[in-house]
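Given next are the chains, with one letter for each unit.
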Amino acid sequence: MAVKTKGTIVVAGSEMTISNPGKLLWPEMEITKLAFLEKLIELSPYLINYCARRYLTVIRYPNGIHGKSFYQKNCPDPIPGFVRTAEQNGIRYVVLDSLPTLVWLGNLACLEYHASCDRIGEPDKPTEWVLDIDPSLEEEPRIMEAAWLAGELLRSLGISAVPKTSGATGVQIIVPLQPDLTFDELRAVGRFVGDYLSRTHPKLFTIERMKRNRGDLIYFDYLQHYQGKTLSAPYTPRARAAASVSTPLTWEEVRADARPTAFHLLNIGERLRRHGDLLERAPVQNLRPILEFIRKK
Amino acid sequence: MQTVWKGAISFGLVHVPVKMFTATEDKDISMRLIHKTCGGPISYVRQCANCSVTVSSEDIAKGYEYEKGRFVLFEKEELDALSTDATKTIHILDFVDLQEIDPIYFQKTYYLSPDQAGGNAYSLLLEAMRQSGRIGIAKISIRSKSSLAAIRVIDNCLAMETIFYPDEVRSISQVPGLPEASEVNERELTMATMLIQQLSAPFDPAKYEDDYRKRLMELIQAKIAGEEVHFAPEQQRTNVVDLMAALQASLEAVGTPAAAPAAMTDGDKPAATKPRKGGKKKAKETVS
């Protein structure tokens with residue numbers, strides 16, 4: 001990438017105009033749009049790796065995180081030549097598979113990147129299983145304890161998983177999979193695990209769907225991981241004051257009660273240089289024996 | 001609000017695409033039925049009166065009991081075929097004055113909003129009805145039941161009241177003990193009409209509230225606060241906990257080691273799992 005003139009950059013051979021480079025997107029962290037684009041480029045290999053074969057939903061904040069925002073599923077017009085799209089249910093989604101596409105979206109103030117659980121053209125062959133541990137409180141001191149307990153339970157079942165911050169208040173546990181189970185089958189395993197956790201830790205976990213009935217319990221959400229639903233992509237920035245980034249963690253960090261806000265746009269590059277992508281290295285799991293055990297009962 | 005129906009109003013050559021929403025909601029506090037002796041919630045089981053077995057929904061048909069113990073059976077498709085609602089329209093038949101309809105006919109109110117590009121036609125119908133002061137009588141099917149309906153204007157919204165068919169309204173002649181000729185005392189009548197005048201007021205629905213619901217809610221809150229709470233017996237608990245223990249034991253028996261925390265992050269792989277790299281490559285091949 002070379003900065004040619006003020007406002008125009010060339011990314012991997014594609015020239016594009018950058019509007020309002022000095023606009024503050026995360027005012028508390030003093031992150032301007034130009035700084036955001038630089039960080040996005042740093043994150044691009046990891047973000048693209050995860051999103052490239054999924055339907056992308058972005059959240060745009062044209063006036064920064066405190067301004068109005070909107071979800072965008074349909075590819076915004078005009079569509080540059082380097083942008084690929086994929087259709088599903090009448091919606092023309094952006095396929096985030098290249099750096100120019102990511103920078104183009106970044107310039108449109110797409111601050112958050114949410115990826116479909118199903119992959120393009122593969123409606124019911126998930127390549128991972130995601131459990132969303134979602135606190136009811138904005139500040140939940142027990143969130144890492146909850147994630148740890150869920151991780152321990154999976155470990156007792158021989159399942160190796162990777163925790164990641166959602167970037168907001170929650171933690172998601174990702175289990176890379178052989179693509180041989182359906183979403184419904186994964187829900188059956190999720191229900192079993194959630195049922196167990198909410199019964200053995202009734203003051204911590206709930207599987208209650210209605211938000212108003214959850215009180216201050218942590219929602220163990222095994223339903224969000226489904227065809228047509230989205231989850232915050234690993235390494236997506238979030239439109240929150242801390243400029244937090246959805247970050248895969250080690251289980252040590254979970255046990256040491258890491259704070260989700262400690263992983264943000266300004267330090268994620270350093271972390272990636274030091275640790276690489278924890279998610280990419282995670283071993284693929286086979287949940288079929290567990291599913292079959294649950295089914296038999 | 002949630003769309004409960006989509007279709008179009010049609011009258012003459014005008015076609016107005018609309019979405020329908022329920023206008024009123026019942027705020028009754030619902031209660032579960034609880035087994036007094038143990039506190040467990042009562043569940044409904046569909047049981048065959050003949051075989052005394054629990055019957056699943058795919059084995060259930062609908063039957064009309066034309067005489068005691070004798071039924072004619074219907075498949076869902078047969079009943080669906082009867083519905084005339086292939087076109088999904090609210091077909092306006094006549095326009096009448098609202099006063100001509102006795103409130104006894106009104107059943108349930110829905111709001112209608114313009115759908116897709118139907119905004120202009122919607123505004124046209126709304127304004128024409130407002131100016132004429134008339135309401136439309138229409139035929140509509142919602143789900144499998146067909147109804148009569150009245151289309152009228154509320155502020156800037158078209159509303160639809162489903163109304164009973166005349167043969168669904170019982171005749172007053174069936175009410176027992178109604179006075180035949182009036183025999184009232186003149187003085188008492190004067191007093192009664194005076195009382196009515198004194199209590200006359202403009203209708204203000206906001207001043208009425210559901211006292212019973214309020215008192216019940218207070219009682220519920222008091223019981224929760226006083227910890228007078230009954231827990232459902234955790235029969236499930238033993239099930240899922242036992243099941244988990246059994247699962248863990250059986251996994252251990254086949255030699256699936258529980259991965260140590262460190263092993264999950266430093267690249268070591270548990271014996272029962274395949275390395276990520278190979279698996280991922282395979283996934284890619286099946287995709288493209």
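Residues numbered from 1 in each chain as written. Chains lettered and ligands numbered in written order. Predicted model: local features only at pLDDT ≥ 70, side-chain atom pairs only at ≥ 80, totals over all residues. Heavy atoms only, no water.

### Observations concerning the overall build of chain A
Counting its regular elements, chain A contains seven helices and 16 strands. Counting only contacts in chain A whose residues sit at least 6 apart along the sequence, the fraction spanning at least 24 positions is 68%. About 12200 Å² of surface is accessible on chain A, with carbon and sulfur atoms providing 50% of the total. (Helix = DSSP H or I, 4+ residues; strand = E, 2+ residues; numbered from the N terminus. Contact = heavy atoms within 4.5 Å. Areas by Shrake-Rupley, 256 points an atom, 1.4 Å probe, with all protein chains shown as cover.)

### Topic: the overall build of chain B
Secondary structure assignment for chain B yields six helices and nine strands. For chain B, the residues scored as buried account for 23% of the 288 residues in total. Counting only contacts in chain B whose residues sit at least 6 apart along the sequence, the fraction spanning at least 24 positions is 57%. Counting every atom, chain B has about 22200 Å² of accessible surface; 55% of that belongs to carbon and sulfur. (Buried < 20%, exposed > 50% of the residue type's maximum accessible area, 1.4 Å probe, protein only.)

### Structural notes on the sheet that holds strand E15 (residues 218-221) of chain A
Residue and element names in this part refer to chain A. An order of E12-E13-E11-E15-E14 is seen for the five strands of this open sheet, with the pairing classed as mixed. Only two strands of the sheet have a single partner each, and these edge strands are strand E12 (162-165) and strand E14 (205-206). Examined bridge by bridge, strand E11 (residues 128-135) and E15 share four bridges and lie antiparallel to one another. Among the inter-strand pairings, Asp132 is bridged to a residue of E15, identified as Asp221. Sheet contacts for helix H4 (residues 183-200): E11, E14 and E15; angle to E11, the most-contacted strand, approximately 35°. (Pairing = 2+ DSSP bridges. Axes fitted to C-alpha atoms, helices over the stretch in contact; angles between N-to-C directions.)

### Comments concerning the nonpolar core
Residues and elements named next belong to chain A. With 49 residues, the main nonpolar core has Trp26, Phe36, Leu47, Leu96 and Tyr113 as its most contacted residues. At the level of elements, strand E2 (8-11), strand E4 (24-26), helix H1 (33-51), strand E6 (54-60), helix H2 (99-107), strand E10 (110-119) and helix H6 (268-275) are the ones that each hand at least two residues to this core. For this core, the element with the highest residue contribution is H1, accounting for eight residues. Split by domain, the residues of this core number at least three in each of domain 1 (11-119) and domain 2 (128-296). For Trp26, the residues in contact, after removing those within four places along its chain, are Ile31, Phe36, Ile65, Leu111, Pro237, Arg238, Ala239, Arg240, Ala241, Ala243 and Leu265. One finds Ile159, Tyr196, Ile218 and Ile294 within the second-largest nonpolar core, a separate group that totals 47 residues. (Core = buried A, V, L, I, M, F, W, Y, C linked by side-chain atoms within 4.5 Å. Domains from an automatic or database assignment.)

### So, H2 of chain A
Residues and elements named next belong to chain A. Within H2, eight of the nine residues are buried, which leaves it mostly tucked inside the rest of the structure. Regarding H2, the residues found buried are Pro100, Thr101, Leu102, Val103, Trp104, Leu105, Gly106 and Asn107. Buried residues belonging to H2 abut E2, strand E3 (14-17), H1, E6, strand E9 (91-95) and E10. Downstream of H2 by one or two residues, Ala109 has phi in the positive range, about 65°.

### Remarks on the sheet that holds E6 of chain A
Residue and element names in this part refer to chain A. Overall, antiparallel pairing links the four strands, which are arranged E7-E6-E10-E16 in an open sheet. What marks the edges here is a single partner per strand, and that holds for strand E7 (70-72) and strand E16 (230-232). Neighbour to neighbour, the strand axes of the sheet diverge by 30° on average, direction disregarded. Contacting E6 and E10, H1 runs over the sheet at an angle of about 0° to E10. Against the sheet, H2 touches E6 and E10, its axis set at about 130° to E10.

### Focus on the environment of His275 of chain A
Residue and element names in this part refer to chain A. When you line up the elements, His275 lands in helix H6. The spatial distance from the C-alpha of His275 to the C-alpha of Thr250 is 9.8 Å, given a sequence separation of 25 residues. Within polar-contact distance, the side chain of His275 engages the side chain of Arg274 at 3.5 Å. (Polar contact = N/O pair within 3.5 Å; in protein donor to acceptor, adjacent residues only side chain to side chain.)

### Brief notes about the state of the cysteines
Residues and elements named next belong to chain A. Scanning all chains against the criterion turns up zero disulfides over all chains. Cys110 carries a free sulfur, and the closest cysteine sulfur to it, the one in Cys75, is 9.7 Å from it. For Cys110, a relative accessible area of 0% translates into the label buried. (Disulfide = S-S within 2.5 Å.)

### Observations regarding the pattern of salt bridges
All names here are of chain A. Using the criterion set out here, one finds 22 salt bridges over all chains in the structure. Notably, a salt bridge pairs Glu128 with Arg54, separated by 2.6 Å at the nearest N-O pair. Taken as a pair, Glu128 in strand E11 and Arg54 in strand E6 lie far apart in primary sequence, 74 residues in all. As far as the burial class goes, Glu128 and Arg54 line up, both buried. Where Asp195 meets Arg199, a salt bridge forms, and the shortest distance between an N and an O atom there is 3.5 Å. Within this pair, Asp195 and its partner Arg199 are both found in helix H4, separated by four residues, close to a single helical turn. Shared partners join several salt bridges into a network, and the residues in it are Lys39, Glu42, Glu270, Arg273 and Arg274. (Salt bridge = Lys/Arg side-chain N within 4 Å of Asp/Glu carboxyl O.)

### Topic: unusual backbone geometry
Residue and element names in this part refer to chain A. The step from Asp77 to Pro78 runs through a cis peptide bond, and the omega angle for that step is -10°. By the secondary structure assignment, Pro78 is in the loop between E7 and strand E8 (84-88). At Ala109, a residue that is not glycine, the phi angle is positive and equals roughly 65°. We classify Ala109 as buried; its relative accessible area is 4%.

Read these as geometric descriptors, not functional statements.
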